[in-house]
Amino acid sequence: MALKVTDGEQGGWAVLRVSGEMDLVTSPLLRQWVHAAVAEGRHDVVLDLSDVFFCDSSGVGVLIASRRLMHSCSGRLRVVLPARGAEEGSHVNRVLAALGVRRLFEVYPDVTEATDESARPLSA
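So, here's what we can say about the structure.

Rules behind the numbers
- Residues numbered from 1 in each chain as written.
- Predicted model: local features only at pLDDT ≥ 70, side-chain atom pairs only at ≥ 80, totals over all residues.
- Heavy atoms only, no water.
- Core = buried A, V, L, I, M, F, W, Y, C linked by side-chain atoms within 4.5 Å.
- Buried < 20%, exposed > 50% of the residue type's maximum accessible area, 1.4 Å probe, protein only.
- Helix = DSSP H or I, 4+ residues; strand = E, 2+ residues; numbered from the N terminus.
- Contact = heavy atoms within 4.5 Å.
- Expected span 1.5 Å × (residues − 1).
- Polar contact = N/O pair within 3.5 Å; in protein donor to acceptor, adjacent residues only side chain to side chain.
- Salt bridge = Lys/Arg side-chain N within 4 Å of Asp/Glu carboxyl O.
- Pairing = 2+ DSSP bridges.
- Right-handed = clockwise from strand over helix to strand, strands pointing away.

### Side note on the nonpolar core
With 30 residues, the main nonpolar core has Met22, Leu30, Leu47, Leu49 and Leu63 as its most contacted residues. For this core, the secondary-structure elements that each account for two or more residues are strand E1 (3-10), strand E2 (13-22), helix H1 (27-39), strand E3 (44-55), helix H2 (57-72), strand E4 (76-80) and helix H3 (91-99). Apart from the residues lying within four places of it in its own chain, the contact partners of Leu49 are Val18, Met22, Leu63, Val79, Val80, Leu81 and Val92. The next biggest cluster of nonpolar side chains, apart from the first, holds eight residues, and it includes Val15, Tyr108, Val111 and Ala114.

The structure is reproduced here in structure tokens:
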């Protein structure tokens, strides 16, 4: 299955809604979307990964590179990984935790929380 990315905005944040599989073939698409947002001057980005049902190391690499890019331009990256998904929680959340990199990201349960300046990220 392909990766689909849709672009939106909420509360001054660029919101990239991602669905499908993040793997070696599809992950570069997400990287392009994040780079395009930064090139447009959008330095506060939310990646909504609620509908991503598969993520391999290539996908994780793109997430880490996106985090690095946002920090380099004094931007902010927030990630939506719902605690409950169709299959006992977010696959991406489990992959990030298993690899020990979940703590690198500000994770929120939904886009509303992620774009709320007073909301606190979920604990790792």
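### Description of H2
Across its 16 residues, H2 extends 22 Å between first and last C-alpha, which sits within 8% of the 22 Å expected from 1.5 Å per residue. Within H2, the full set of buried residues consists of Gly59, Val60, Val62, Leu63, Ser66, Leu69 and Met70. Against E2, H1, E3, E4 and H3 lie the buried residues of H2. Capping the start of H2, Asp56 holds a side-chain oxygen 2.9 Å from the backbone nitrogen of Ser58, two or three residues further along. A positive backbone phi angle near 55° is found at Ser74, which sits one or two residues after H2.

### Observations concerning the side chain of Thr26
Structurally, the position occupied by Thr26 is in the loop between E2 and H1. In this structure, Thr26 is in contact with Met1, Ala2, Leu3 and Glu21, ignoring residues within four places of it in sequence.

### Considerations on the pattern of salt bridges
Tallied over the entire structure, the rule returns six salt bridges. Taking the shortest distance from any N to any O, the salt bridge between Arg42 and Glu40 comes out at 3.3 Å. Given a relative accessible area of 18%, Arg42 falls into the buried group. We note a salt bridge from Glu106 to Arg78, for which the minimum N-O separation is 3.3 Å. Pair noted here: Glu106 is in strand E5 (residues 106-108) and Arg78 is in strand E4, with a separation of 28 residues, a long-range link. By relative accessible area, which is 6% here, Arg78 ends up buried. Sharing partners across several salt bridges, the network here consists of Asp7, Glu40 and Arg42.

### Some details on the pairing of E3
Across eight bridges, the pairing between E2 and E3 is parallel. Along E3, the bridge assignment pairs Ala14 with Val45. In this fold, E2 hands off to H1, which returns the chain to E3; that crossover is right-handed. The pairing of E3 with E4 spans five bridges and is classified as parallel. Looking across to E4, one finds that Asp48 is bridged to Val80. For the crossover from E3 across H2 to E4, the handedness is right-handed.

By themselves, these are just geometric observations and shouldn't be taken as functional.
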